[in-house]
Amino acid sequence: MSGMKIKRRKIAIIGTVGIPANYGGFETLAENLALYHHESKNPSLLTVWCSGKGSPEMPTNYLSSSLRYINLNANGLQSIPYDIISLLQVMFMRYDRVLVLGVSGALFIPFVRIFSRTRIITNIDGIEWRRSKWGKIAKAFLRLSEAVAVKFSHEIISDNEAITQYVEQQYKIKSHTIAYGGDHALDKSEEPINYDLPDDYSLALCRIEPENNVHVILEAFSNSNKNIVFIGNWDNSDYGMSLKAKYEKFSNICMLNPIYNTKVLYYIRTRASNYIHGHSAGGTNPSLVEMMHFGIPVIAFDCSFNKYSTENRALYFDNSESLRSILSEMDDDMAAEIGPKMSEIAKEKYTWDAIGRKYFDLLD
C-alpha cells in the first residue's frame, strides 16, 4: 500500500483574461485563488486558462498553478468561443473540477455535463442581462446563458445575497454566496505621485458607464464646494468623453485616467476622506469591498447590492440632490462611526483567506 500513488485532483479555472491580474474583478479573484492554493499548500493540480491576446509573454506558471492559453480575447464577442474552447479542453483533458467565471460560454455547459465527469461550479457574476448597456439581442443571449448555467452546473456561486435571493426565486435553486476579498488593496508600500491632489477629497473609482451613476456624482459635486478625485476610463466611450468635457473645468473635480499600479492607488486611497460608490448593478463590487478595508465612510448608491455589501451601515444616495445633502451634513462624528464599521465588516467578510477557503471547499 505504501507504494501506491495518490491521484491529485485536477482543478481548472476558466473565463478570465488570465493571471497575474491586470484587468478586472474575475482576474483578481483568479489570482487570489491561485495565491490561496499556493499558500495553503493545496495538493490539487490547479490550471488557469488565459487569453494569449492579454499576455504577450505567456508565462507557463504562476506560483503553484499552471497557465494555459487560448489565442482569443476573453471579453466582447470572442468571449463566447474563448469560454467554449476552454470548456472543451477541460473536458478532453479530464479535469475533475472546473470553476467557470461568468456565463459567456454557458450554452456549452450541458455538453460537459453529459459527456464528462467534470464537476462544474459556476459563478454567474451579476445579473448581467439586466444591465442597461446591453441591447435586446445581447440581453436575450445573456438571460438564456444564465438560465442554462444555473440549470446544468453542479453548483452555483452568487457574489451577493441579493443575487442569491434572485437565483432562488427565479430558478428554485440554492446558490452559495461568496463575495470577493479586498485586503489585497492594503499594499502598505506606496509611491509618491505627480498628480496635484487637493488636501481634503472624496474618492470615486469605477468604469465610466451610466449604470455607475457617474453623471449623478459629478452633477452633485459641480454644485458643491467639496472636492472629488474621480478615477475612470473617461476616453473609452461617448458617455465618458462628454462628461469629461462638461466637468473637467470645475476646480473641485479632479478627473484621472485608470490607475492599475496598486502602490499609487494605495497612496490615493489612504488620503481620501470618504468613498463615493455609484454602482447600481452587478452584485458585490470589488472596488467597494477594497475601499471598505481603508476604514473611511462609504457613500453608496441606494440599491440592494450595495446595502447587502455594507450591511446597511453606510450612507446612501439616489440622486445628485441626496448626495449633495449627505456631503454637506457629514461631520467628524459621522465619519468616526461609519468608517470603522466599514473596516470591521471588511475584515470579517471580505478577506481573500476567507474567500479562498470557501471556494476550495467547493472545488476540493
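Everything numeric here is computed off the predicted structure, so don't read it as measured data. (Residues numbered from 1 in each chain as written. Predicted model: local features only at pLDDT ≥ 70, side-chain atom pairs only at ≥ 80, totals over all residues. Heavy atoms only, no water.)

Draft legend 1. Highlighting the nonpolar core. Ranked by internal contacts, the top residues of the largest apolar core, which has 120 residues, are F230 and I268. Residues in contact with I268, not counting those within four places in the same chain, are I193, Y195, L197, Y201, L203, I231, L256 and I259. (Core = buried A, V, L, I, M, F, W, Y, C linked by side-chain atoms within 4.5 Å. Buried < 20%, exposed > 50% of the residue type's maximum accessible area, 1.4 Å probe, protein only. Contact = heavy atoms within 4.5 Å.)

Draft legend 2. Spatial organisation of unusual backbone geometry. The omega torsion of the bond from I19 to P20 falls at 0°, within 30 degrees of zero and hence cis. Among the structural elements, P20 can be located in the loop between β1 (10–14) and α1 (25–39). Positive phi outside glycine occurs at K41, with the angle close to 55°. Residue position: K41 is located in the loop between α1 and β2 (45–51). Look at K41 and you get exposed, because its relative accessible area is 71%. One non-glycine residue with positive phi stands out, namely M58, at about 50°. Here M58 lies in the loop between β2 and β3 (61–62). Looking at M58, the relative accessible area reads 39%, which means it is partly exposed. (Helix = DSSP H or I, 4+ residues; strand = E, 2+ residues; numbered from the N terminus.)

Draft legend 3. Just the packing of helix α4 (residues 136–152) against helix α5 (residues 161–171), in detail. Where α4 contacts α5, the two axes come as close as 12 Å, and the packing angle between them is 85°. Comparing the axis directions of α4 and α5 gives the class roughly perpendicular. Packed against α4, whose contacting residues are R143, E146, A147 and V150, the element α5 presents Y166, V167, Q170 and Y171 at the interface. (Axes fitted to C-alpha atoms, helices over the stretch in contact; angles between N-to-C directions. Parallel < 35°, antiparallel > 145°, perpendicular 65-115°, else oblique.)

Draft legend 4. Main features of a nonpolar patch on the surface. A cluster of nonpolar side chains, contributed by F111, I114 and F115, occupies part of the molecular surface with about 360 Å² of accessible area. Along the polypeptide, F115 turns up in helix α3 (residues 109–115). (Patch = residues over 30% accessible without salt bridge, like charges linked within 9 Å, V, L, I, M, F, W, Y side chains within 5 Å. Areas by Shrake-Rupley, 256 points an atom, 1.4 Å probe, with all protein chains shown as cover. Salt bridge = Lys/Arg side-chain N within 4 Å of Asp/Glu carboxyl O.)

Draft legend 5. Representation of the pattern of salt bridges in the model. For the structure shown, the criterion picks out eleven salt bridges. Note that E211 is salt-bridged to R131, the shortest N-O span being 2.2 Å. Pair noted here: E211 is in the loop between β9 (202–205) and α6 (214–222) and R131 is in the loop between β6 (119–123) and α4, with a separation of 80 residues, a long-range link. For R131, a relative accessible area of 13% corresponds to the buried category. A salt bridge links E344 to K341, with the shortest nitrogen-to-oxygen separation between them at 3.2 Å.

Draft legend 6. Here's a closer look at the pairing of strand β7 (residues 155–158). Taken together, the three bridges between β6 and β7 define a ladder with parallel strand orientation. Residue pairing across strands places I121 opposite E155, the latter belonging to β7. Taking the sense of rotation as the criterion, the β-α-β connection linking β6, α4 and β7 turns out right-handed. Here two bridges tie β7 to strand β8 (residues 176–177), and the two strands are oriented parallel to one another. Residue pairing for β8: S158 is matched across the bridge by T177. Regarding topology, α5 serves as the crossover connection from β7 to the parallel β8, and that connection is right-handed. (Pairing = 2+ DSSP bridges. Right-handed = clockwise from strand over helix to strand, strands pointing away.)

Draft legend 7. A look at the side chain of E146. Among the structural elements, E146 can be located in helix α4. One buried charged residue, E146, forms no salt bridge at all, with the nearest opposite charge on R143 at 5.9 Å. (Lys, Arg positive; Asp, Glu negative; His and termini not counted.)

Draft legend 8. Representation of the packing of aromatic side chains within the structure. If you walk through the whole model with that rule in mind, you get eight aromatic pairs. Centroid distance Y36 to F360: 5.7 Å. Interplanar angle 25°. Geometry classified as stacked. Taken together, the positions of Y36 in helix α1 and F360 in helix α13 (residues 352–363) put the pair 324 residues apart, joining distant regions of the chain. Here Y36 falls in the buried class, since its relative accessible area comes to 16%. Ring geometry for F108 and F111: centres 5.4 Å apart, planes at 25°, overall stacked. Judged by relative accessible area, which is 15%, F108 ranks as buried. It is K10 that lies over the ring of Y95; its NZ or CZ is 4.6 Å from the centre. Here the guanidinium or amino end of K307 rests over the ring plane of Y316, the centre of that ring lying 5.4 Å away. (Phe/Tyr/Trp six-rings, centres within 6.5 Å; stacked < 30°, edge-to-face > 60°. Lys NZ or Arg CZ within 6 Å of the ring centre and 35° of its normal.)

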